[in-house]
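# Descriptive structure summary
The lines below spell out each chain.
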Amino acid sequence: MPKQILIISTLDTKGEETFYLKEKIESLGFPAILMDLSMRAHVSHPAEITNAQVAEAGGSSIEDIGQSRERSRITKIMTSGASKLATRYHAEGTIDGVIAMGGSTGTLMASEVMRSLPFGVPKVVISSTAALPGLSTRYIGTGDIVLFHSVIEISGISNLLKNVMDRAAHAITGMVHETVTPLVAGEGKAIALTMLGPCESCASSVRQALEQAGYQVIGFSAAGIGDRAMEQMIAEGFFQGVIDLAPGGVGEHLFGFMRDAGPFRLENAGRMGIPMLVSTCSVNHMTPSKSKYQAEYHQRRKYDLDKFS
């Protein structure tokens, strides 16, 4: 079967633009299927995966979604339904890559759907709000997502917007079509390694020794997002062992500091039954945000890491 690309959009507001993107992708030789995340019933633009199907997968109906004024609730329902469908279609081999377009809400929803898919599945988001402060980190999170800043608003077909969508279409089809390095590292040969500035020398020595012994070592910056991603990938079976030099994200989570690595840190290696070594790099460091800074913190020694002058 030819490789298929899933397009995620809100067809009630971006139907014309989405169908241009679909036609462009298909002109490059790749079948494309549309998933509609519109939160109201409409008939102007048909999709292979309708918003009614998405709402049903999320445990509701498009009629209930359309009548509700609880935007946060219905957004979660539609995002949950879309994630379930995308995960199922990928597991069945129906989709090989995913591309989306939107403003802030559309990008938040589509990127969450993308993060439900495994590492290595090509993912591109065309977003008019990619550069807004704080949003890019929410869009990408722990996902291997290409965030394509449209610069101009996705509103009406123009040559400038066509140029943006053309480039994004070539990007997603190129990633789906071209041969890439397999994700498998070899039987028993992939080791996850957390690292951070204070223990960089140690991490480098560990990596080099393991590589000389024939292992592939995959490093993660233990600054909150990297170690969250590592935990997810451990659960997905990417690694056969873990060396956790910098587990400070556990304490950061308990205190709500900036290297918060989430509630499941240090858990998935045990669940998967793979060996794990844990050290103590930076467990006595804390990274409170300015809004949480207390007077007593000034009594502690301060380290500036990666400070630019």
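Residue indices follow the written sequence of each chain, beginning from 1 at its first position. It should be noted that, the model being predicted, local features are given only for residues of pLDDT at least 70 and side-chain atom pairs only at 80 or more, the latter also being counted only at that level, while totals for whole chains, interfaces and linings use all residues. To get the side-chain values, all heavy atoms of the structure are used, and hydrogens and water are removed first.

### With respect to empty space enclosed by the protein
A cavity here means a set of points on a 1 Å grid, drawn over the protein atoms and nothing else, where a 1.4 Å probe fits but cannot get out; a pocket is an open set with protein on both sides within 12 Å along at least five of seven lines, and a residue lines either one if it has an atom within 4 Å of a point. Grid points are joined across faces, edges and corners, and a volume is the space filled by probe spheres set on the points. This structure, assessed with the given rule, holds one cavity of 30 Å³ or more. Here the largest cavity is characterised by a volume of approximately 30 Å³. Considering the residues around the largest cavity, the lining is formed by Ile8, Ser9, Thr10, Leu37, Met101, Gly106 and Ala110. Of all the secondary structure elements, the ones that give two or more residues to the lining of the largest cavity are strand S1 (5–9) and helix H5 (104–115). Of the residues that constitute the lining of the largest cavity, the class distribution is four nonpolar, three polar and no charged. Strands are runs of DSSP state E lasting at least two residues, helices are runs of H or I lasting at least four, and both sets are numbered from the N terminus onward. Classes in brief: Ala, Val, Leu, Ile, Met, Phe, Trp, Tyr, Cys and Pro nonpolar; Asp, Glu, Lys and Arg charged; the others, Gly included, polar.

### Digging into the side chain of Glu17
Secondary-structure assignment places Glu17 in helix H1 (residues 11–27). Here's how the labels work: a residue is buried when its accessible area is under 20% of the maximum for its type, exposed when over 50%, partly exposed in between, all with a 1.4 Å probe on protein chains only. Positive residues here are Lys and Arg, negative ones are Asp and Glu, while His and the chain termini are left out of the count. Note on definitions: salt bridges are taken to be side-chain nitrogens of Lys or Arg within 4 Å of carboxyl oxygens of Asp or Glu. Buried and unpaired, Glu17 has no salt bridge, with Lys14 as the nearest side chain of opposite charge at 6.8 Å. A polar atom in the side chain of Glu17 sits 2.6 Å from the backbone nitrogen of Gly156. Contacts: residue pairs with any heavy atoms within 4.5 Å of one another. In contact with Glu17, not counting residues within four places along its chain, are Met101, Ile154, Ser155, Gly156, Ile157, Leu161 and Met165. N or O atoms closer than or at 3.5 Å make up a polar contact, with two conditions inside protein: a donor-capable atom paired with an acceptor-capable one, and, for residues adjacent in sequence, both atoms drawn from side chains.

### Topic: the layout of surface pockets
Counted as a void, the largest pocket has a volume near 780 Å³. Around the largest pocket, the lining comprises 21 residues; the ones closest to its centre are Met286, Thr287, Pro288, Lys302 and Tyr303.

### What about the nonpolar core?
If you look at the biggest cluster of nonpolar residues, it comprises 29 residues, and the most contacted ones within it are Leu6, Ile8, Met35, Ile49, Val54 and Ile65. Of all the elements in the fold, those that place two or more residues in this core are S1, strand S2 (32–36), helix H2 (51–57), helix H3 (62–67), helix H4 (71–91), strand S3 (97–102) and H5. Excluding anything up to four places from it in sequence, Ile49 contacts Leu6, Ile33, Leu34, Met35, Asp36, Val54, Leu85 and Tyr89. As used in this record, nonpolar core signifies buried Ala, Val, Leu, Ile, Met, Phe, Trp, Tyr and Cys residues forming a set joined through side-chain atoms within 4.5 Å. Ranked by size, the runner-up nonpolar core spans 22 residues in total, among them Ile25, Ala32, Ala168 and Ile172.

### Remarks on unusual backbone geometry
With phi around 70°, Leu266 is a residue other than glycine that occupies positive phi space. Among the secondary structure elements, Leu266 is positioned in the loop between helix H10 (249–255) and helix H11 (268–272). Note on Leu266: relative accessible area 31%, which makes it partly exposed.

### Examining the pattern of salt bridges
Summed over the entire model, instances satisfying the criterion amount to 14 salt bridges. With a shortest N-O distance of 2.8 Å, Lys22 and Glu26 are connected by a salt bridge. Residue Lys22 and its partner Glu26 are both found in helix H1; the two are separated by four residues, about one turn of the helix. Here Lys22 falls in the buried class, since its relative accessible area comes to 11%.

### Some details on helix H9 (residues 225–235)
Note: α-helices contain 3.6 residues per turn, so residues at a spacing of three or four share the same orientation. When H9 is considered as a whole, its buried residues turn out to be Gly226, Asp227, Ala229, Met230, Glu231, Met233 and Ile234. On its buried face, H9 sits against strand S6 (190–195), strand S7 (216–221), strand S8 (241–244), H10 and H11. Backbone geometry just after H9 places Gly237 at a positive phi near 85°.

### Observations concerning the pairing of S8
Side-chain positions along a regular strand alternate between the two faces of the sheet. In S8, alternate side chains face the same way, and those of Gly241 and Ile243 on one face and Val242 and Asp244 on the other are all buried. A pair of strands is considered paired only if DSSP assigns at least 2 bridges between the two. The sheet contact formed by S6 and S8 spans four bridges and is parallel. Within S8, the position partnered with Ala192 by the bridge is Val242. In terms of strand pairing, S8 meets strand S9 (residues 276–278) through three bridges, oriented parallel. Paired with Val242 across the bridge in S9 is Met276.

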